[in-house]
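The lines below spell out each chain.
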Amino acid sequence: MDEIRIFAPATVANLSCGFDVLGCCLDTVGDEMLIKKNDLGEVRITKLTGQDLPLETDQNVAGVAAKSLLGELGSKQGFDIEIYKKIKAGSGIGSSAASSAGVVFAINKLVGEPFSPEQLIPFAMEGERLASGNAHADNVAPALLGGFSLVKSYDPLEVISLPSPAELRMVVLHPLIEIKTKDSRSIIKQNVSLKKAISQWGNLGAFVSALYTEDYALLGRSLQDEVVEPIRSILIPYFDDLKQVAMDKGALGFGISGSGPSVFALCKGNDIAQNVKTAINEFYKAKAIDFELHLSEINTEGIKILE
Ligand code: ADP
């Protein structure tokens, strides 16, 4: 096999109660990538459509993640990378993670699959380090593993795959304003009070339990964030109103996707998700901000090989 075409999914990280440790994989939103072996012994970004992003190998997260993987293998094999971007950079739904995870998945396949999906996570994290200055795993892990991922620890890296109750749907609104991960990280306070920490780990534990027991109501009650949301939501136009609109239509919970500006509503079942999507659309189209709106199942497979 000399080339492979893949779907590299968008992901929703943090999920309110799991700042930097929780993420899940979307199904209908993502990029396409074509990765081919070349005889030049170099990694090149040969095509990039849909977004204005760097083509230099060391400036593009796909190039950096690819080189990190090949460096570990001690391989001199070259690769040409084509990226067809559908996810906008700085959207908060894992644009950089899709490219980082996608490229390591593809190269791993093309060199005979020396690594398991779990083992690919650290290489993809190197792309995240370039994008945001922080090698976080909460987007690349669910992109590579599918479903929900919990990053138990970074040192050593330990990632746990969690079950995805079948009726879960995500409605994601992306207001087309750019918030750089770097910027939205810089406004977060570095210290958390014990009171807030207790409420956060209570919610995270309950969320994980609810995924196992398929307790949708408990999932909803656990989607609380007292640590980051009160600060970051200031950067998102009409955040509180949007939350009200989604909850009034029956969403289980509502929060910021990754570092924003995208926001998500987690819903039970297609009908409620459709109603939430319609209501958010009605509300936001009256505002002077362009936006994209998605409805997705949870993608339990992660990156997909396309024919
Ligand atoms: P997101 O949360 O949507 O991934 P980030 O702010 O974390 O957004 O990452 C976007 C940053 O990564 C931008 O500065 C962008 O220029 C840079 N970048 C480099 N290569 C890529 C790529 N292939 N895809 C997306 N972003 C990239």
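Rules used in this analysis
Residues numbered from 1 in each chain as written. Predicted model: local features only at pLDDT ≥ 70, side-chain atom pairs only at ≥ 80, totals over all residues. Heavy atoms only, no water. Helix = DSSP H or I, 4+ residues; strand = E, 2+ residues; numbered from the N terminus. Rg over C-alpha atoms; globule rule 2.2 N^0.38 Å. Contact = heavy atoms within 4.5 Å. Areas by Shrake-Rupley, 256 points an atom, 1.4 Å probe, with all protein chains shown as cover. Axes fitted to C-alpha atoms, helices over the stretch in contact; angles between N-to-C directions. Left-handed = near helix turned anticlockwise from the far one by under 90°. Nonpolar A, V, L, I, M, F, W, Y, C, P; charged D, E, K, R; others polar. UniProt positions renumbered as here; feature names shortened; annotations may be inferred. Near = heavy atom within 4 Å. Polar contact = N/O pair within 3.5 Å; in protein donor to acceptor, adjacent residues only side chain to side chain. Salt bridge = Lys/Arg side-chain N within 4 Å of Asp/Glu carboxyl O. Buried < 20%, exposed > 50% of the residue type's maximum accessible area, 1.4 Å probe, protein only. Phe/Tyr/Trp six-rings, centres within 6.5 Å; stacked < 30°, edge-to-face > 60°.

**Q** Account for the overall build of the chain, naming residues and giving values.
**A** Per the secondary structure count, the chain includes 10 helices and 11 strands. A globule of 307 residues ought to have a C-alpha radius of gyration of about 19 Å, and the chain, at 19 Å, matches this closely. If you take every contact in the chain between residues at least 6 apart in sequence, the share linking residues at least 24 apart comes to 73%. By element, 49% of the accessible surface of the chain is carried by carbon and sulfur atoms, the whole surface being about 13000 Å².

**Q** Kindly report on the packing of helix α9 (residues 239-248) against helix α10 (residues 270-285), identifying the contributing residues and their values.
**A** Axes are the key here: two packed helices are described by the angle between their axes and the distance separating the axes. Contact geometry for α9 and α10: axes closest at 9 Å, N-to-C directions at 145°. You can see that α9 and α10 cross each other, and the crossing is right-handed. Of the residues in α10, those touching α9 at Asp241, Leu242, Val245 and Ala246 are Val276, Ala279, Ile280, Phe283 and Tyr284. Taken together, the residues of the contact of α9 with α10 sort by class into eight nonpolar, no polar and one charged.

**Q** Any details on the UniProt feature "domain: GHMP kinase C-terminal" (unreviewed entry) in the chain? Residues and values, ideally.
**A** Here, the residues flagged by UniProt with the feature "domain: GHMP kinase C-terminal" (unreviewed entry) are residues 208-285. Secondary structure over residues 208-285 splits into 55% helix and 13% strand, and the C-alpha atoms at its two ends are 35 Å apart.

**Q** Pulling in residues and values, what's your account of the site of the ligand?
**A** What surrounds the ligand is a group of 17 residues, the closest being Asn60, Val61, Ser96, Ser99 and Thr181. At 3.1 Å, a backbone N or O of Ser95 approaches an oxygen atom of the ligand. Across the complex, the protein chains shield 89% of the 560 Å² of accessible surface that the ligand would expose by itself. A class-by-class count of the residues in the shell around the ligand yields four nonpolar, 10 polar and three charged.

**Q** Outline the pattern of salt bridges, listing residues and values.
**A** Taken as a whole and judged by the stated rule, the model has 12 salt bridges. In this structure, the salt-bridge partner of Lys304 is Asp27, at a minimum N-O distance of 2.7 Å. Of the two residues, Lys304 is situated in strand β11 (residues 304-306) and Asp27 in strand β2 (residues 22-38); the sequence distance between them amounts to 277 residues. Here Glu292 ties to Lys88 by a salt bridge, and the two come within 2.6 Å at their closest N and O atoms. Separated by 204 residues along the polypeptide, Glu292 in strand β10 (residues 291-297) and Lys88 in the loop between β4 (78-84) and α2 (95-110) bring together distant segments of the chain. Residue classification places Glu292 among the partly exposed residues on the basis of a relative accessible area of 24%. For Lys88, a relative accessible area of 28% translates into the label partly exposed.

**Q** Give a description of the packing of aromatic side chains that names residues and reports values.
**A** Applying the stated criterion across every chain yields a total of seven aromatic pairs. For the ring pair Phe115 and Phe123, a centre distance of 5.1 Å and an interplane angle of 55° mean the geometry is tilted. Phe115 gets classed as buried once you look at its relative accessible area, which sits at 16%. For Phe123, a relative accessible area of 9% corresponds to the buried category. Each ring, one from Phe239 and one from Phe254, has its centre 5.5 Å from the other, and the planes form 55°; the classification is tilted. Taken together, the residues span a long stretch of sequence, with Phe239 in helix α9 and Phe254 in strand β8 (residues 253-256) at a distance of 15 residues. Pair check on accessibility: Phe239 and Phe254 agree, each one buried.

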